[in-house]
Amino acid sequence: MKITFPHIGDAHLIGRIFFTEIGIDIITPHANTEKGLEKGSEVSPDEICLPFKLMLSNLMEAYKLGADTVIMPATMGPCRLGEYGELLKSILDRKGYSFQWVLLDSPNSIGKQELLRRLANVVSGSNKSLPGILTALIRTYKIIEKLEKLEQKAHILAGYEKKKGECKKVLTSCRRDLAQASGISQALKIIRHHRCQLGEITFDFNKKPLHILVTGEIFSMIEPFANHHIEELLMDMSVSFEKRVTLRWWIRRTILRSTNLKGSINLKKKRLPYDIGGYAKETVEDGELCVEKGYDGVIQLFPVGCMPEIVAKAVFSKMMKEREVSILTVIYDEMGGEAGYITRIEAFIDMLNRRKSLEQKKKREIYNRKVKGKTHVLSGH
Ligand code: SF4
């Protein structure tokens, strides 16, 4: 059995480490490219969303490299992700790519027993005992957790760097080393090493960088190709940012049934009371969080044709009229050109920066007036 799965963010790094550790052959999908997207688009239904086209191309490539089993995350709707597994299978079967399929659905939809049966099928070719596999699984989850913590820290600290680009360098080097890691212990060591490197960078904590939330459709948030490397762009622009929907959050929500997002607030579900697929509810919550917790702005990302995020965008439009919140929506299409996206993001960041410095100036003036007033009274004039 040679396993493969679609390329989603760092999943290829983590997946390779786990399967190598338990002695199962794996074909890790290559990074997404324009060419791959073209190939995926050629055989995809016209109206399907961008992640599907990329995944299709990943799987065709993996098949040619020798993969015979696909592990595919699924959600059983109600947005198109619910159809991804079936549709991918039907298209690939017709084109002669005959895989064995393992759909990883949430236990809510298929039940715990069925999920365990599917997982057992995946690891059936392992040379490890069941306790050994479980230990590897728990330690792999630790890798995801630690890598995400490192990332989160680097994303926030990027706004305080004395020398631009150092946090980004640490993350890039960490990923490069993880791609070569021989097993879980080495991977954990690599992350630890890069955490120390992050600690050695000098920061200026007197700086007042923008602090924004990045939100939107999960694939666009996690997969750098799908968001035209927005995280690197923001780090280059010295913006501190956070994103709450991550690979780890998805695992916890889908498999471990833990739904709480970092920093969740009680929104009484007023603005989006129904689950409309994808993670539109979480996106809307991010908009509310921006107001409640004083973030400078929100960037919403999604691929063209994403149904749940279009609804979230409509909620944002209303929210922006009613409350003081700045939200930029970036919709990615299949065009490779980055200049348009970059210009829009730069203009948004520029606007937020100017507004922030005006607010700070105002605050300083009010403070100075108060201090002057007090000095005036004390000196008896
Ligand atoms: S969330 Fe949007 S992009 Fe993702 S599968 Fe659903 S409709 Fe497609």
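Reading the values: the criteria
Residues numbered from 1 in each chain as written. Predicted model: local features only at pLDDT ≥ 70, side-chain atom pairs only at ≥ 80, totals over all residues. Pairing = 2+ DSSP bridges. Helix = DSSP H or I, 4+ residues; strand = E, 2+ residues; numbered from the N terminus. Near = placed C-beta within 6 Å. Nonpolar A, V, L, I, M, F, W, Y, C, P; charged D, E, K, R; others polar. Buried ≥ 20, exposed ≤ 12 C-beta atoms within 10 Å, placed from the backbone. Domains from an automatic or database assignment. Contact = placed C-beta atoms within 7 Å. Axes fitted to C-alpha atoms, helices over the stretch in contact; angles between N-to-C directions. Right-handed = clockwise from strand over helix to strand, strands pointing away. Parallel < 35°, antiparallel > 145°, perpendicular 65-115°, else oblique. Left-handed = near helix turned anticlockwise from the far one by under 90°. Core = buried A, V, L, I, M, F, W, Y, C linked by C-beta atoms within 7 Å.

Asks: Requested: an account of the sheet that holds strand 2 (residues 69–73), with residues and values cited.
Replies: Taken in spatial order, the 3 strands line up as 1-2-3 in an open sheet, and their pairing is parallel. For this open sheet the edge positions go to strand 1 (3–4) and strand 3 (100–104), each flanked by a neighbour on one side alone. With 5 bridges joining them, strand 2 and strand 3 adopt parallel strand pairing. Across the sheet, the residue bridging to P73 is L104, located in strand 3.

Asks: Give a description of the site of the ligand that names residues and reports values.
Replies: Close to the ligand lie 14 residues, the nearest being C49, C79, L81, G278 and C306. Element by element, the count of residues in the shell around the ligand is highest for helix 14 (residues 307–322), at 3 residues. In the shell around the ligand, the residues fall into 9 nonpolar, 2 polar and 3 charged.

Asks: An account of the pairing of strand 4 (residues 211–216) is needed here, citing residue identities and associated values.
Replies: Most of strand 4 sits inside the fold, with 5 of its 6 residues counted as buried. Sheet analysis places strand 4 next to strand 5 (residues 240–242), joined by 3 bridges and oriented parallel. In the strand pairing of strand 5, L213 is matched with E242. As defined by bridge partners, strand 4 adjoins strand 6 (residues 297–303) across 5 bridges and the pair is classed as parallel. Its bridge partner lying in strand 6, G216 is registered against L301.

Asks: Hey, could you go over the domain arrangement of the protein chain for me, with residue numbers and the actual values?
Replies: Segmentation of the protein chain into domains returns domain 1 (3–128), domain 2 (147–204) and domain 3 (210–381). Taken residue by residue, the interface counts 11 residues in domain 2 and 12 residues in domain 3. Residue assignment for the side of domain 2 that touches domain 3 shows that the elements contributing at least two residues are helix 7 (130–157) and helix 8 (166–178). The greatest single-element share of the side of domain 2 that touches domain 3, amounting to 4 residues, is contributed by helix 7. Partitioning the side of domain 2 that touches domain 3 into residue classes produces 3 nonpolar, 4 polar and 4 charged.

Asks: Could you give an account of the sheet that holds strand 5, with specific residues and numbers?
Replies: Within a sheet, adjacent strands bond to each other through the backbone by hydrogen bonds, running parallel or antiparallel. Ordered in space as 5-4-6-7, the 4 strands form an open sheet in which the pairing is parallel. Since the sheet does not close on itself, it has two edges, and those belong to strand 5 and strand 7 (327–332), each with one partner. Averaged over all pairs of adjacent strands, the angle between strand axes in this sheet comes to 25°, irrespective of strand direction. Against the sheet, helix 13 (residues 280–293) makes contact with strand 4, strand 6 and strand 7, and its axis sits at roughly 165° relative to strand 4, the strand it touches most.

Asks: Before we move on, can you summarise the pairing of strand 7 with the specific residues and values?
Replies: Of the pairings in the sheet, the one linking strand 6 to strand 7 comprises 6 bridges and is parallel in character. Residue pairing in the sheet places P303 in a bridge with Y332 of strand 7. With helix 14 bridging strand 6 and its parallel neighbour strand 7, the resulting β-α-β unit is right-handed.

Asks: Lay out the environment of K281 with the relevant residues and their values.
Replies: For K281, the position within the fold is in helix 13. Here K281 falls in the buried class, since 22 other C-beta atoms lie within 10 Å of it. Spatially, the C-alpha atom of K281 lies 32 Å from that of S357, the residues being 76 residues apart in sequence.

Asks: How would you explain the packing of helix 3 (residues 50–64) against helix 4 (residues 81–94) if you had to name every residue and give the values?
Replies: Put simply, helix 3 and helix 4 touch, their axes get as near as 11 Å, and they point 45° apart. The angle between helix 3 and helix 4 falls in the class oblique. Crossing of helix 3 over helix 4 shows right-handed handedness. Listed contacts from helix 4 to F52, M55, L56 and L59 of helix 3 are Y84, L88, I91 and L92. Split into classes, the residues belonging to the contact of helix 3 with helix 4 amount to 8 nonpolar, no polar and no charged.

Asks: Lay out the nonpolar core in plain terms, naming residues and giving numbers.
Replies: In this structure, L59, M72, A187, I212, L213 and V214 are the most contacted members of the largest nonpolar core, which totals 87 residues. Per-element accounting of this core gives the leading share, 8 residues, to helix 3. Once you skip the residues sitting within four places of it in the chain, L59 turns out to touch T4, P6, V70, L88, L92 and Y97.

Asks: A description of unusual backbone geometry should follow, citing residues and the corresponding values.
Replies: In the Ramachandran plot, H228 falls in the positive-phi region, its phi being about 50° despite a non-glycine side chain. Mapped onto the elements of the fold, H228 is located in the loop between helix 10 (218–222) and helix 11 (230–236). Its identity as a non-glycine residue notwithstanding, H229 has a phi of 60°, on the positive side. Positionally, H229 belongs in the loop between helix 10 and helix 11.

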